[in-house]
Amino acid sequence: MISTEQIYQRLTEIFHEIFDDQSIVPTPEMTADDVPEWDSLNHINLIVAIEARFKIKFKSTELESLRNVGHLVELIEKKLNAPPRG
Amino acid sequence: MHGRVRASYHPNHEEFVTDTITHLGWLPQEPDWAMRLEQARKLEPAAALRSFAQLANFGIDFIQTTRLDRAVQRIATYPGILPSMRGSIRLALLGSCTLTHLIAGIRIGALRRGLWVDVYEGPYGTYRQELQDPSSGLHAFRPDVLLMSLDAHHLVDTEGASVELALSNIRECWKLAKQSLRCTIIQQAILPVFRPILGNNEHRYLRSPLTLVTKLNESLRPLADEEGIHVLAVDTAAARDGITQWHDEGLWHRSKQEIHPRVLDVYGDQVGRLLAAIRGQSYKCLVLDLDNTLWGGVIGDDGLAGIAVGQGSVLGEAHLAFQRYALELSRRGILLAVCSKNDEANALEVFDRHPEMLLRRKHISCFVANWEDKASNLRQIARRLNIGTDSLVFADDNPFERNLVRQELPEVAVPELPEDPAGFAACIAAAGYFEGLNITNEDQERLNQYRANTERELLRDSTTDMGAYLQSLRMELHCGPFDPIGLPRIVQLINKTNQYNLMTRRYTDAEVQAVMADPSALHLQCRLQDRFGDNGVIAIVIGRLDAERNLVIDTWLMSCRVLGRQVEAATLTVIAKRAGAMGASALIGSFRPSPKNEMVRDHYQKLGFDELGKKDGDTKWILPLDRFRAAAVPVTVLEGFI
């Protein structure tokens, strides 16, 4: 099991890489409006980077309904900690 | 993609998810990459750019590539940074879908080769207008190179689409570009993104978009050749990596990116190598190490019958396959050279007499086998072939040699060969060092000229700073007495080592055990570690205290892998210390010549021993211990074996 805290920790690293800003601290309420560099291109980069680094895959519908960072973390957590189907 | 990608199935997801950590598998890894990027940012612009170019030459992924590009773009407007580059190119990128994410990959792919690229991206989906309208941004930009990146949906996934229509569209673009821009044109092949409709015999269904793409790509190439246009073969790359790596349908729907951002590093490197080739910057010569590179094993120790090359063993076949690839490069006009730590006669014998060798002496334009450091030898090879060291690619299985050359001659390309020789050819092919635009008669001719010039010159004075390099290795020599766990390896080394072996005295397992039980015997095994890892047990010493309190060294052997690293001097300090503790007043050593151990004739002299005389071919040497002063060596000696 990966904890919410660990996800935030790794997400922070990814934010720093994608937005090229070491001072960003992702918080649950944060949205694209809060980060100047978070434009549509960087949004795609961010999602693809999260998929690559966490080794997960988002559904298109999940991405369309993303509200904020907290919601994104919930999604990651759900995917990482879901019991194997079988 | 190349090498290290592994697909893993996540049971909670619908699809295969691929680990895309490293695509550029021929480049070395740098664990401190992020830290070095931060340091480089703080430098003044010209120095920063040089650092960024170095950082581009590590195995970075698409995220790091984008990040590095952003750092580079921040200093892009400073005057005076361009002269530090090998050249600069104005590249226009025109297409029919989202391409912005690829620009970082292109710029870094070019920077990796010392090229600065200014990119102009046409407004989304307006490539025809851009080409037609003389007042467009494209015309104002005046590109040196135009890259046409048309997506498959745009070309063939419409009602009434045909190969003919798509081709005429593409040819019209070429014509417009030639008329008004007079630049070099690169046409990207069409990515086969579609699902089959018929199946294995898809080609029989002429309306299938997948069939149309296949046929379009087939027709495109001869037409491009006629028109003098270069092809960017993304179809071949996707066939190698898997189309699902390159294209994701969900992403296509979301953002109209036909090429997935996770391969932007691979895509950009393909463009970068093509731009370098257009500028005439390609590597000309593949320099090959011998032992464990061209064949398995060490010729000096294993002998002609003992090395692995050719049919009959898995290892032998892998090395043979690598030779075959080198031979194919040679037939195409790439020079082959040899740079090996070996006695020349031993090395040449393999080329002349081993029946399974594919590569023969006639294929090698410059043959250097000696015990000098490899950076000096590479300089020598470049001089003899009358090419720059920046034209050399150096293939060596040994990380020590690779890193020495990277440090001393950063302009030499040094692929990070995989541990398994079965991957050598794929690694070199993936790196695209020898990207060529044509096969010319000149290439074939060049080979003959170089071969005519095979006489050997003396090595000039080397300027390699070995001292600094050895210091940077942080070598640790762990020394301890023989022990039961190490016994098999000790016996093996004693019986196998031919070259760095003073007496070539062989011991059986039982005899080594007798040494271990003898209180008047000194026995030592030494393991060398450095920042690249563990080299294993690399030195064995056996000595006995005689009645005159001399410690007589009866066996001293070392692995040739650690030659030139001052490990022998470090070993001597341990011998002297232990001998002193046993009550010895002097060390006595002898050299007994064999057909293979010429390299250690001066071993004792170099270590400060005095000659006592010759007897039956042996040369005897003495070192009084009261006179012994440990030499300053770049090796930390640690007592106790691990």
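Higher on the page you've got the structure.
Here the structure is a predicted model, which is why all the values come from computation and not from measurement.

(A) Representation of the overall build of chain B within the structure. If you tally the helices and strands in chain B, you get 25 helices and 19 strands. Seen through its principal axes, chain B has C-alpha atoms that stretch 100 × 60 × 55 Å. Counting every position in chain B, which comprises 642 residues, the buried fraction comes to 57%. Counted over contacts in chain B with a minimum sequence separation of 6, partners at least 24 positions apart contribute 72%. Here chain B displays about 27,100 Å² of accessible surface, and carbon together with sulfur accounts for 50% of that area. Of the charged side chains in chain B, 72 are positive and 80 negative; the average position of the first set lies 2 Å away from that of the second.

(B) Quick peek at helix α1 (residues 33–41) of chain B. Residues and elements named next belong to chain B. Considered for burial, the residues of α1 that qualify are Trp33, Leu37 and Ala40. Each buried residue of α1 lies within a common arc of 65° when the element is viewed along its axis, so the set occupies one face. Those residues of α1 that are buried are in contact with α2 (45–55) and α3 (62–74).

(C) Just the sheet that holds strand β14 (residues 533–545) of chain B, in detail. Residues and elements named next belong to chain B. One open sheet holds the eight strands; their spatial order is β17-β18-β16-β15-β14-β13-β12-β19, and the pairing between them is mixed. Across the chains shown, the open sheet's two edge strands, defined by having one partner strand only, are β17 (610–615) and β19 (635–639). Strand-to-strand twist of the sheet, defined as the mean angle between neighbouring strand axes without regard to direction, takes the value 25°. Taken strand by strand, helix α22 (residues 487–496) contacts β13 (521–530), β14 and β15 (550–558), and its axis lies near 75° from that of β14.

(D) A look at the packing of aromatic side chains. A full pass over the atoms with the stated rule returns 13 aromatic pairs over all chains. Taking the centre distance of 5.3 Å and the plane angle of 70° together, the rings of Phe15 of chain A and Phe19 of chain A count as edge-to-face. Of this pair, Phe15 of chain A and Phe19 of chain A both sit in helix α1 (residues 4–19), separated by four residues, roughly a single helical turn. Of the residues examined, Phe19 of chain A reaches a relative accessible area of 0% and is grouped as buried. Through a chain of ring-to-ring contacts, three or more aromatic side chains come together here, namely Phe15, Phe19 and Trp38 of chain A. We note Arg90 of chain B situated over the ring of Phe141 of chain B; from NZ or CZ to the ring centre the distance is 4.3 Å.

(E) Here's a closer look at the pattern of salt bridges. Here the structure, examined in full by the defined rule, presents 38 salt bridges over all chains. For Glu401 of chain B, the salt bridge goes to Lys341 of chain B, with nearest N and O atoms at 3.1 Å. Of this pair, Glu401 of chain B sits in helix α18 (residues 399–408) while Lys341 of chain B is found in strand β9 (residues 335–341), placing the two residues 60 residues apart along the sequence. Each of the two residues, Glu401 of chain B as well as Lys341 of chain B, counts as buried. Measuring nitrogen to oxygen at the nearest pair gives 3.9 Å for the salt bridge that ties Lys577 of chain B to Glu639 of chain B. Of this pair, Lys577 of chain B sits in helix α24 (residues 567–581) while Glu639 of chain B sits in strand β19, and the two are 62 residues apart along the sequence. Here the salt bridges share partners, and the residues they tie into one network are Asp20 of chain A together with Glu38, Arg41, Arg67 and Arg74 of chain B.

(F) Up close: the packing of helix α2 (residues 40–54) of chain A against helix α4 (residues 69–81) of chain A. Residues and elements named next belong to chain A. Relative to each other, α2 and α4 sit at 30°, their axes nearing to 12 Å. Compared by their axis directions, α2 and α4 come out roughly parallel. At the point where α2 passes α4, the crossing takes the right-handed sense. Contacts between α2 and α4 involve Ile47, Ile50 and Phe54 from the first element and Leu72, Ile76 and Leu80 from the second. Across the contact of α2 with α4, the residue classes break down as six nonpolar, no polar and no charged.

(G) Up close: a nonpolar patch on the surface. All names here are of chain B. Judged by side-chain polarity, Ile197, Leu198 and Tyr205 come together as a nonpolar surface patch covering roughly 300 Å² of accessible area. Here Leu198 lies in the loop between β6 (184–188) and α9 (209–227). Leu198 gets classed as exposed once you look at its relative accessible area, which sits at 52%.

(H) Layout of the packing of α1 of chain B against α3 of chain B. Residues and elements named next belong to chain B. For the pair α1 and α3, interaxial distance at closest approach is 11 Å and the crossing angle is 5°. Accordingly, the angle class assigned to the pair α1 and α3 is roughly parallel. Counted together, Trp33, Ala34, Leu37, Glu38 and Arg41 of α1 and Gln64, Arg67, Leu68, Ala71 and Arg74 of α3 form the full contact between these two elements.

(I) Region of the structure containing the sheet that holds β6 of chain B. Residue and element names in this part refer to chain B. Ordered in space as β4-β3-β5-β6-β7, the five strands form an open sheet in which the pairing is parallel. Looking along the sheet, the strands with just one partner apiece sit at the ends: β4 (115–121) and β7 (230–232). Neighbour-to-neighbour, the strand axes of the sheet open up by a mean angle of 25°, direction not taken into account. Pairing analysis gives four bridges linking strand β5 (residues 145–149) to β6, with the strands arranged parallel. The residue of β6 that forms the bridge with Met148 is Gln187. Packing of helix α13 (residues 264–278) onto the sheet brings it into contact with β3 (87–95), β4, β5, β6 and β7, and relative to β7 it is tilted by some 165°.

(J) Layout of the nonpolar core. Core analysis: the biggest nonpolar cluster contains 98 residues, and Ile50 of chain A together with Leu131, Trp246 and Tyr267 of chain B have the highest contact counts within it. In this structure, Ile60, Val72, Ile108 and Phe424 of chain B belong to the second largest nonpolar core, which totals 60 residues.

(K) Local environment of the side chain of His523 of chain B. Residue and element names in this part refer to chain B. Within the secondary structure, His523 is located in strand β13. Note on His523: relative accessible area 12%, which makes it buried. A polar atom in the side chain of His523 sits 3.0 Å from the backbone nitrogen of Phe482. Beyond its immediate chain neighbours, meaning those up to four positions away, His523 contacts Gly480, Pro481, Phe482, Val515, Met516 and Val541.

(L) Region of the structure containing the side chain of His23 of chain B. Note that His23 of chain B resides in the loop between β2 (16–19) and α1. Within the local environment of His23 of chain B, its side chain forms a polar contact with the backbone oxygen of Arg262 of chain B, the two atoms lying 3.2 Å apart.

(M) Just the pairing of β4 of chain B, in detail. Residues and elements named next belong to chain B. Burial runs high along β4: five of the seven residues are buried. As judged from the seven bridges shared by β3 and β4, these two strands associate in the parallel manner. Along β4, the bridge assignment pairs Leu91 with Val119.

Conventions and cut-offs
- Residues numbered from 1 in each chain as written.
- Chains lettered and ligands numbered in written order.
- Predicted model: local features only at pLDDT ≥ 70, side-chain atom pairs only at ≥ 80, totals over all residues.
- Heavy atoms only, no water.
- Helix = DSSP H or I, 4+ residues; strand = E, 2+ residues; numbered from the N terminus.
- Buried < 20%, exposed > 50% of the residue type's maximum accessible area, 1.4 Å probe, protein only.
- Contact = heavy atoms within 4.5 Å.
- Areas by Shrake-Rupley, 256 points an atom, 1.4 Å probe, with all protein chains shown as cover.
- Lys, Arg positive; Asp, Glu negative; His and termini not counted.
- Charge placed at Lys NZ, Arg CZ, Asp CG, Glu CD.
- Arc of directions from axis to C-beta.
- Pairing = 2+ DSSP bridges.
- Axes fitted to C-alpha atoms, helices over the stretch in contact; angles between N-to-C directions.
- Phe/Tyr/Trp six-rings, centres within 6.5 Å; stacked < 30°, edge-to-face > 60°.
- Lys NZ or Arg CZ within 6 Å of the ring centre and 35° of its normal.
- Salt bridge = Lys/Arg side-chain N within 4 Å of Asp/Glu carboxyl O.
- Parallel < 35°, antiparallel > 145°, perpendicular 65-115°, else oblique.
- Left-handed = near helix turned anticlockwise from the far one by under 90°.
- Nonpolar A, V, L, I, M, F, W, Y, C, P; charged D, E, K, R; others polar.
- Patch = residues over 30% accessible without salt bridge, like charges linked within 9 Å, V, L, I, M, F, W, Y side chains within 5 Å.
- Core = buried A, V, L, I, M, F, W, Y, C linked by side-chain atoms within 4.5 Å.
- Polar contact = N/O pair within 3.5 Å; in protein donor to acceptor, adjacent residues only side chain to side chain.

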